[in-house]
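# A closer look at the structure
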Amino acid sequence: MATQEETFKSIVSHCKEYGFVFPSSEIYDGLAAVYDYGQNGVELKNNIKQYWWAAMTKLHENIVGIDAAIFMHPTTWKASGHVDAFNDPLIDNRDSKKRYRADVLIEDQIAKYDEKIDKEVQKARKRFGESFDEALYRQTNPRVVEHQQKRDALHERYQKAMNANDLDELKQIILDEGIVCPISGTRNWTDVRQFNLMFSTEMGSTAEGAMKIYLRPETAQGIFVNFLNVQKTGRMKVPFGIAQIGKAFRNEIVARQFVFRMREFEQMEMQFFVRPGTELEWFEHWKQFRLRWHKALGLGDEKYRFHDHDKLAHYANAATDIEFLMPFGFKEVEGIHSRTNFDLSQHAKYSGKKIEYFDPELNESYTPYVIETSIGVDRMFLSVMCSAYKEEQLEGGDSRVVLSLPPVLAPVKACVMPLVKKDGLPEKAREVMDLLRFDFNIQYDEKDSIGKRYRRQDAIGTPFCITIDHDTLNDECVTVRYRDTMKQDRVKISELHELIRSQVDMTDLLRKL
Ligand code: GAP
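The structure displayed is predicted, hence computed values, not measured ones. (Residues numbered from 1 in each chain as written. Predicted model: local features only at pLDDT ≥ 70, side-chain atom pairs only at ≥ 80, totals over all residues. Heavy atoms only, no water.)

Moving on: the overall build of the protein. When helices and strands are counted, the protein shows 18 helices and 23 strands. Summarising its shape, the C-alpha atoms of the protein cover approximately 80 × 65 × 55 Å along the three principal directions. A total of 513 residues make up the protein; the buried ones form 50% of that total. A fraction of 66% describes how many contacts in the protein between residues 6 or more apart in sequence connect residues 24 or more apart. Surface exposure of the protein reaches about 25,600 Å², of which carbon and sulfur atoms provide 49%. Within the protein, one finds 72 positive and 80 negative side-chain charges whose respective centroids are separated by 2 Å. (Helix = DSSP H or I, 4+ residues; strand = E, 2+ residues; numbered from the N terminus. Buried < 20%, exposed > 50% of the residue type's maximum accessible area, 1.4 Å probe, protein only. Contact = heavy atoms within 4.5 Å. Areas by Shrake-Rupley, 256 points an atom, 1.4 Å probe, with all protein chains shown as cover. Lys, Arg positive; Asp, Glu negative; His and termini not counted. Charge placed at Lys NZ, Arg CZ, Asp CG, Glu CD.)

Right, dumping it as structure tokens:
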């Protein structure tokens, strides 16, 4: 059995081998934490975005979309707090010259205690079998109790230091815990410093006239600065939402785990503007709606959990993450935040413009409160890939790699294959393609044996393979082979469209929400 780490490595190489994700500018040895989506990756990613966009804008008459520019006036980022506070604490190891996030080093140390505890529990479960009482064991086993106490003390000290922005204390924790650099193995650490994650560039032609601007680190601010434009031109009534999909950029110190943490990535964000005082009800509403959106894909309900934030940003009054079980543990895929009226008030203050809403029912003006749902397209892509990737042993000693993607997200919906490259079968296959191509992404493949062609389609997650044989010319029927069961059926050409539609149509998925 492959370990989770080996499985993850296989997924990463599969993504490259089958045209899903390539390292950026690979011929020049790539660019750290920047990736390009290939011919299949872009289709899967577009299907994810289409599902999100439809769920937000089509299903909600009070949510509309925008597409704001990546470049924004630099004061935007002063107002939002990103210039002063969008920082990560970094630390360097003097021997390896490697740079780390101090908080990540400490969180990894906390995870090590958790692993030690889990190992003890697993061993005991094996030893005691059926009669094992895990809760009692955790409370009474001296080794487990000792690890747990150390873990909790470390967690508390770490939380305190982070909340107080105490960089000296973060360094002291790293020293006290004896955390070593994984490369050099030494404890020769520099002081901890704050590092701003925004990329900047210059706009304007002359050095003197140039203005320092930032590549947006989140799409949300493009929505906030357009609040009045959309509200007025769309005659929107609170509560209403503005949705946006677009690129965001962060100069991450430690970029890890493939497309999970990138320096250029894509977000799907929706800001929902509500009456002050109703925000926590709406927060709960959006939490549940967003979880339903994830679960409707059928990747496995047990793979999701909420992680409520202990530490809230000063302007937030509730925040949670939707986490997904990746091969490297439960990880944040989406954040849902109740951001009060912080952003709109800040933009009003910095721009000198009144940003308020007149509520005709209350006959008063106020600055709306905001619930934000923010999901990374790339993390969503990764969670879909991780749950779909399977290495299967087949009867007769054969094996296959199959991507059991939700058919609605699959890059290619069906592949049409003439059994042989002669006797009029390719022409008939082209006819079948022409019936389907206007509604579905269809491939044509006539190379190699049928078995090899099936494997190629399994590897990119194509739900249907359609084979045209000599009988087809007489009976107008084809052989349909299903990806997951590998079963085959004889189907009339006239019924193909409905067969595919019934599996890949997004409408059925949206109805589940
Ligand atoms: N506007 C709120 C906001 O940006 P966030 O928690 O910083 O909140 C939201 O980011 C989502 O964006 C995350 O849940 C994650 O899916 C995605 N994301 C953030 N940083 C990322 C990165 N470096 N690489 C890939 N995705 C990222």
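Under the domain assignment, the protein is made up of domain 1 (1–70 + 217–392), domain 2 (87–195) and domain 3 (412–511). Inter-centroid distance (C-alpha atoms) of domain 1 to domain 2 is 29 Å. Taken together, the contact pairs eight residues of domain 1 with 12 residues of domain 2. A combined buried area of about 760 Å² lies between domain 1 and domain 2, and 57% of that area is made up of carbon and sulfur atoms. Looking only at domain 1, the three residues that lose the most surface to domain 2 are I253, V254 and K311, adding up to 63% of its buried area. Two residues, E252 and R101, come together in a salt bridge whose shortest N-O distance is 4.0 Å. Where domain 1 meets domain 2, there are zero residue pairs in polar contact (both at pLDDT 80 or more). Taken together, the residues of the side of domain 1 that touches domain 2 sort by class into two nonpolar, one polar and five charged. (Domains from an automatic or database assignment. Buried area = accessible area lost by both parts, 1.4 Å probe. Salt bridge = Lys/Arg side-chain N within 4 Å of Asp/Glu carboxyl O. Polar contact = N/O pair within 3.5 Å; in protein donor to acceptor, adjacent residues only side chain to side chain. Nonpolar A, V, L, I, M, F, W, Y, C, P; charged D, E, K, R; others polar.)

In spatial order, the strands read β20-β19-β21-β22-β23; together these five strands make up an open sheet with mixed pairing. Of all strands in the sheet, those bounded by a partner on one side alone are β20 (442–444) and β23 (488–492). Direction aside, neighbouring strands of the sheet carry axes that sit 30 degrees apart on average. Where strand β21 (residues 464–468) lies against strand β22 (residues 477–482), four bridges are found, and the strand directions are antiparallel. Along β22, the bridge assignment pairs I466 with V480. Those strands touched by helix α17 (residues 493–504) are β19 (414–418), β21, β22 and β23, and its axis lies near 120 degrees from that of β23. (Pairing = 2+ DSSP bridges. Axes fitted to C-alpha atoms, helices over the stretch in contact; angles between N-to-C directions.)

Here we take up unusual backbone geometry. Cis geometry is adopted by the peptide bond preceding P239, which originates at V238 and carries an omega value of 5 degrees. If you check the backbone angles, S25 has positive phi at about 40 degrees while not being a glycine. One can find S25 in the loop between β1 (21–23) and β2 (35–37). Look at S25 and you get partly exposed, because its relative accessible area is 33%. Although it is not a glycine, D423 adopts a positive phi angle of roughly 60 degrees. Among the structural elements, D423 can be located in the loop between β19 and α14 (425–436). Residue classification places D423 among the partly exposed positions, given a relative accessible area of 44%.

Moving on, we come to the site of the ligand. As a structural note, the neighbourhood of the ligand is formed by 20 residues, with E218, E252, E269, E332 and V333 the closest of them. E269 has a polar side-chain atom sitting 2.5 Å from a nitrogen atom of the ligand. In this structure, an oxygen atom belonging to the ligand sits 2.6 Å away from a side-chain N or O atom of E332. For the ligand, whose free accessible area comes to 550 Å², the fraction covered by protein is 91%. Broken down by secondary-structure element, the contributors of at least two residues to the shell around the ligand are β10 (264–274), β13 (329–338) and β16 (369–376). In terms of residue count, the dominant contributor to the shell around the ligand is β13 (five residues). Across the shell around the ligand, the residue classes tally to five nonpolar, five polar and 10 charged. (Near = heavy atom within 4 Å.)

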